[in-house]
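What follows is the residue order along each chain.
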Amino acid sequence: MRRTIGAAAVTLAAVLTLGACGGGDPLTNASPAPAPTASGSGTGKVVIGSANFPENVLLASIYSQALQAKGVPVEEKFNIGSREVIFGQVVNGMLTVLPEYNGGLLSYLDPNSTGASKDEVNGELKVKMPPQVELLDSSPAEDKDSLTVSKANADKYKLASIEDLAKVAKDFTVGGPPEFKKRREAQFKDVYGLTFKEWKPTGETTADAIKSDDIQVGNVFTTDPKILINGLVPLQDPKNVFSAQNVTPLVFKAGVNDTVRTTLNAISAKLDTTSLTDMMKRVAVDKDDPPAVAKDWLTQNGLL
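Each chain has its residues counted from 1, running along the sequence as written. Per-residue local features are limited, in this predicted model, to residues with pLDDT of at least 70; the limit for side-chain atom pairs, both in listing and counting, is 80 or more; totals at the level of whole chains, interfaces and linings are taken over all residues. Excluded from the side-chain calculations are hydrogens and water; all other atoms, namely the structure's heavy atoms, are used.

The geometry of helix H3 (residues 83-91) relative to helix H4 (residues 102-109) is characterised by a closest axis approach of 12 Å and an angle of 90° between their N-to-C directions. Our classification of the angle between H3 and H4 gives roughly perpendicular. In this structure, H3 uses Arg 83, Glu 84 and Phe 87 to contact H4, whose residues at the interface are Gly 104, Leu 105, Tyr 108 and Leu 109. Split by residue class, the contact of H3 with H4 holds four nonpolar, one polar and two charged. Each axis is a line fitted through C-alpha atoms, and for a helix only the stretch in contact is used; angles between axes span 0 to 180 degrees, taken between their N-to-C directions. Strands are runs of DSSP state E lasting at least two residues, helices are runs of H or I lasting at least four, and both sets are numbered from the N terminus onward. Comment on the angle field: the value is read as roughly parallel under 35 degrees, roughly antiparallel over 145, roughly perpendicular from 65 to 115, and oblique elsewhere. Should any heavy atoms of two residues lie within 4.5 Å, those residues are considered in contact. When residue character is reported, Ala, Val, Leu, Ile, Met, Phe, Trp, Tyr, Cys and Pro are called nonpolar, Asp, Glu, Lys and Arg charged, and the others, Gly included, polar.

Moving on, we get to the nonpolar core. Note on terminology: a nonpolar core comprises buried Ala, Val, Leu, Ile, Met, Phe, Trp, Tyr and Cys residues joined through side-chain atoms within 4.5 Å. In this scheme, a residue with accessible area under 20% of its type's maximum is buried, one over 50% is exposed, and one in between is partly exposed, where area comes from a 1.4 Å probe on protein chains only. Membership of the largest hydrophobic core comes to 54 residues, with the highest contact counts inside it found for Ile 48, Leu 58, Ile 62, Val 97, Leu 250, Leu 264 and Ile 267. Examining the composition of this core, we find that eight residues originate from one element, helix H2 (residues 54-69), more than from any other. Setting aside residues no more than four positions away along its own chain, Ile 267 makes contact with Ile 62, Tyr 63, Ala 66, Trp 297, Leu 298 and Leu 303. Within the second largest apolar cluster, 20 residues are counted, among which are Val 149, Ile 162, Tyr 192 and Phe 196.

Salt bridge, as used here: a side-chain nitrogen of Lys or Arg that lies within 4 Å of a carboxyl oxygen of Asp or Glu. This structure, assessed with the given rule, holds 15 salt bridges. Residue Glu 142 is joined to Lys 144 by a salt bridge in which the shortest nitrogen-to-oxygen separation is 3.8 Å. With relative accessibility at 18%, the residue Glu 142 sits in the buried group. The network of salt bridges with common partners includes Asp 110, Glu 124 and Lys 128.

It is worth spelling out the environment of Thr 223 at this point. Within the secondary structure, Thr 223 sits in the loop between strand S8 (217-219) and helix H9 (226-229). Looking at Thr 223, its side chain comes within polar contact range of the side chain of Asp 143, at 3.0 Å. Polar contacts here mean pairs of N or O atoms no more than 3.5 Å apart (in protein, one a potential hydrogen donor and the other a potential acceptor; neighbouring residues in sequence count only if both atoms are side-chain atoms).

Regular strands place side chains that alternate from one sheet face to the opposite one. Extensive coverage of strand S10 (residues 247-252) is indicated by the burial of six of its six residues. Neither face of S10 is left uncovered, since the one carrying Val 247, Pro 249 and Val 251 and the one carrying Thr 248, Leu 250 and Phe 252 both have all their residues buried. Where strand S3 (residues 97-101) meets S10, five bridges bridge the pair, whose relative direction is antiparallel. The residue of S10 that forms the bridge with Val 97 is Val 251. Sheet topology places strand S4 (residues 133-135) next to S10; three bridges connect them, and they run antiparallel. Strands pair, by our definition, only if DSSP identifies at least two bridges between them.

This part is about the sheet that holds strand S6 (residues 173-176). Pairing is mixed across the open sheet formed by five strands, whose spatial order is S7-S6-S8-S5-S9. The open sheet has two edge strands with one neighbour each: strand S7 (198-201) and strand S9 (232-234). The sheet shows a mean angle of 30° between the axes of neighbouring strands, taken without regard to direction.

The next point concerns the packing of helix H11 (residues 273-284) against helix H12 (residues 290-300). The N-to-C vectors of H11 and H12 enclose an angle of 150°; their axes lie 9 Å apart at closest approach. As H11 packs across H12, the resulting crossing turns out to be right-handed. For the pair H11 and H12, contact is made by Ser 275, Met 279, Arg 282 and Val 283 and by Pro 290, Val 293, Asp 296 and Trp 297, respectively. Of the residues assigned to the contact of H11 with H12, the class counts are five nonpolar, one polar and two charged. Should the near helix be turned anticlockwise from the far one by less than a right angle, the crossing is left-handed, and should it be turned clockwise, the crossing is right-handed.

The subject of this paragraph is the packing of aromatic side chains. By convention here, two paired aromatic rings are described through the distance between centres and the angle between planes. Two rings from Phe, Tyr or Trp (for Trp, the six-membered ring) form a pair when their centres sit within 6.5 Å of each other. Planes less than 30 degrees apart are called stacked, planes more than 60 degrees apart edge-to-face, and all others tilted. Summed over the entire model, instances satisfying the criterion amount to nine aromatic pairs. Where Phe 53 meets Tyr 101, the ring centres are 6.4 Å apart and the plane angle is 25°; that geometry is what we call stacked. With Phe 53 in the loop between strand S1 (46-49) and H2 and Tyr 101 in strand S3, this residue pair connects regions lying 48 residues apart in the sequence. Grouping residues by exposure puts Phe 53 and Tyr 101 together as buried. The interplanar angle of 65° and the centroid separation of 5.9 Å between the aromatic rings of Phe 180 and Phe 188 together place this pair among those described as edge-to-face.

Keep in mind these values describe shape, not function.
Here it is as C-alpha cells:
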C-alpha cells in the first residue's frame, strides 16, 4: 500500500479517533506567491501549507517556526485537504512550502512507478515533477507501511527483519486493511518467500490485534503512536517491498531563496522516524498542541 497524504489522514483518524482539523479550504482566497527577483531569490511572504491530518500539521509548524526564526515572513495555511487538493496549489505558487512524503508523491504522479529506495524515488521525482516545483533534501524520517510484530514474538522467534519471518510465517496470521492480502500476498511470497497461515482484515484494530496476539504480524504505519504504546516492533524491509516514504519539503521554486532552502534542509538532516513518532504521541495521545511540540523539537535540535 503506497503511502499517500489522503491515506495518512484516514489511517491516523481511524487509529486515534482523531478527525481532520478545520473546515473548508484555507486557500480559497489565497494570492499567488511573489515573483522572484533578478537574482532568482524569492521575495515577500512564504506560504506554508499542510494536509488536514495531525502529522502533516505538525511538520508544517516545524517548517514555519524555523523559517520565522531566520527572519523569513511566513503565512500559515494548514489543514487544507488531500494531495489531490494541495499539490496543484504548490505548482501554481499559491503555496510556497509543503511537507511531502516522497513515495506517496511519486505514486500520485506515476501510479505505475516501481521506485522503492529513497534514491530511486527521488530520482524519478526529479524527472516527473512539474518544472515550477522542486524537492529539497529528504529526511530520514518515514511514515510508511511496515510488517510489525509484538516484542514478545520478536524476542521469542528472533525477528528483526521481514526475512526472518520465513521460518515462522506458516504458523502466523497476518492482519491489515481489507485490501492488504490482494496487494501484498504475491509480493511477500516472491520477494521474501513468505506463505502465511491466514490473512485477516483487521483494519484500524491491527496494532491492538498484534498486542493481543489475535494476529502475530500486521501492517502498521511506522509513526503510529500505538507502536510505542503497545511496545510493538516494526520489522526491517531490506528488499524494499514497501517504497520509501521520507518526509521531504516540496517548494515552489520562484518563491524560495537560499535561506529557506538551507533552513528546511537543516530540519531534514535532524528529523528521524523515532523523533517524529515521539512527537506524534504527544500530539495524538497526550493531546499537546502541535506548535508547542514543534517548538520543543526545534529547540532540542538547535534549530531555534
